[in-house]
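Geometric and topological summary
Spelled out from the first residue to the last, the chains are:
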Amino acid sequence: MRKAVVLISFLSVFQVYAQDELLRTWNELMLSRPVVTAQAIPIKLALTDAVNIGNSAIRYFEGKNDFRDAFMPEKQQGFDVRSERFVSVNGWNFYGRFSFSKYEDSGSRFTAMADPYRENPYKIADSVEADWRKQHYLLETKMVSPLLFRKFRAGLGMRYEIRNGARQRDPRPLDKIVEIELTPYVLYHINPKWTLGLNGYYFRFREDLSVSLENTQRPRNIYKLLGLGEYLYNGPVILTGGVSRLYKGNSFGSGISVAYTPGESQFIQAGVQYKKHDEDVTDGTSSPFYAGNHKYSNFDLRVDYLVSGSRMSHRISLDYNHFNTDNTEFIQQFNNTTGQYEVLYASEMHHRTKDRWTLDYSALRKDVQKRLLWGWDVSGNLYDHTETYPTTQSRREMTGYEVQLGGRRWIYLKQTSVEVGYQTLYRNSLESAMVYFPGTASTDFVAANITFPNFYYENMPAWTNRLYMQVNLPYLNNKGSQLYIRASYERISALENNAYYTSGLHNNGMMVTVGLYN
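Below or above, wherever it landed, is the structure these notes cover. No experiment lies behind these values; they were computed from the predicted model shown.

Cut-offs and rules
- Positions within a chain are numbered from 1, following the residues in the order the chain's sequence is written.
- Where local features are concerned, this predicted model is filtered to residues with pLDDT of at least 70; where side-chain atom pairs are given and counted, the filter is 80 or more; whole-chain, interface and lining totals use all residues.
- Heavy atoms throughout the structure, all of them, feed into the side-chain values; hydrogens and water do not.
- Paired rings are identified among Phe, Tyr and Trp, the last through its six-membered ring, by centres lying within 6.5 Å, and are further divided according to the angle between planes into stacked (under 30 degrees), edge-to-face (over 60) and tilted (the rest).
- Only DSSP runs of H or I with at least four residues qualify as helices, and only runs of E with at least two residues qualify as strands; both kinds are numbered from the N terminus onward.
- Any residue under 20% of the maximum accessible area for its type is buried, any over 50% is exposed, and the rest in between are partly exposed; the area is computed with a 1.4 Å probe on protein chains only.
- Each salt bridge in this description consists of a side-chain nitrogen of Lys or Arg and a carboxyl oxygen of Asp or Glu lying within 4 Å of one another.

**Some remarks on the packing of aromatic side chains**
A full pass over the atoms with the stated rule returns 29 aromatic pairs. Seen in terms of ring centroids, Phe-100 and Tyr-137 are 4.9 Å apart; in terms of plane orientation they differ by 40 degrees. Their pairing is tilted. In this pair, Phe-100 sits in strand β3 (residues 92–108) while Tyr-137 sits in strand β5 (residues 130–144), placing the two residues 37 residues apart along the sequence. Between Tyr-290 and Phe-330, the ring centres sit 5.9 Å apart and the planes meet at 55 degrees, which makes this aromatic pair tilted. Here the residue Tyr-290 occupies a position in strand β14 (residues 289–308), and Phe-330 occupies one in strand β15 (residues 312–335), the gap between them amounting to 40 residues. For Phe-330, a relative accessible area of 23% puts it in the partly exposed group. Taken together, the aromatic side chains of Trp-26, Phe-86, Tyr-95, Tyr-484 and Tyr-517 make up a single cluster linked through ring pairs.

**Here we look at the pattern of salt bridges**
Across all of its chains, the model carries 30 salt bridges by this definition. Glu-28 is the salt-bridge partner of Lys-366, the closest N and O atoms lying 2.8 Å from each other. Of this pair, Lys-366 sits in strand β16 (residues 340–366) while Glu-28 is found in helix α1 (residues 2–37), placing the two residues 338 residues apart along the sequence. Assessed through its relative accessible area of 4%, Lys-366 is described here as buried. Exposure remark for Glu-28: the relative accessible area of 27% places this residue in the partly exposed category. When the shortest N-O distance is used, the salt bridge between Arg-59 and Asp-80 registers 2.7 Å.

As structure tokens, this is what we get:
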């Protein structure tokens, strides 16, 4: 009888350990995932031991926003399905993820576009508050080959993304965005410790936007934005039928990375990337009107350091990103003979520069049985934004910072484990300035309803708190699959008063997730 009790006790301990092995493997991969996804050349993926593990989930979310900028909806509700996996097949290492989201944005204002937050300033806005129905598809993968000629590896990163949005109230936008990104790379293993990587980069963007009226007897106003409160004709466009707009652009770039592996438990990678984008915006199809040209250049420098041990694992990441845009407007006339618009004059009118420095630290702590006990996340970033529209002498400047702290704790029961986590984020501006010379109510509509509210929203000190709990259920039929249920709550609070917002405004959101590790 005593032997049976000892055997049962031993088996119960082994069950808990085996149950935690899947959790530990996945969370350790999540600790190193930014090194795979944020670095253009996934050298860490190439050096990863054979692995086959994934996480699939379905999530329901909803939120209510009292503290919102000009474009943010009053309410949001929807669901998404997502899957993420690391897998090794015949010496090839793969990382991939897929997601599909379907949701409704209720009470959205001043936008006729599915994504009003893009850097391209040539947007279309309106004055209607209405509900949007949106969908989002994402497919992303990175792959690395086995060794070629004993020293080389080849690989490819791909991302395919589609966003759809429609509104069932006049004026009725129908918007579709398609993005394709390709990153081919070659790795050269100089010796067992040093690896050099080179990559190319291509990105294709296309957005098809149409705005129509169901009730053509009641004209509506739309605004063709130019940036920093300015818009075409300094007044609304009276919509009596419909308009269409095409955004079409391409990016090219390249980069270099070097990785150093001083030992089995340490990994360091530094990478530099440079990209240039050129995007045309045209209205109409048979006789296109050049609504603007959007160009940007992007420079990124990133360094990652990973160290893993029997009891502790750490990641430290440092990133610097520089983003510069130049946007061109056109003076045109219609040629009755050719039936086309002809450009008489082109000039760069709108400029924006963004710099961001980010430092991030994450860690996991395990017990003597290598079960996860604690997790920590600490990050901070400093940013500097400058936006100008020289002909009107308008200017917007902002320097600010964000600090985030987070912690997790795993608690083990007989057949299950519980993960409890908390994150807090504080943001504030150090310096800010907005220069805009007012005109009439007609010419200042966008500045009063979009530009200034967005400026004061970004300038407002805010505090975000997130709390979640995840219950990890026992293995399914002892086949290496494990269900989990997760619930989370988020609250964003405005902390001070300014010209557009008052302290005490809050945004509240919740999410329920049912997922599967396998």
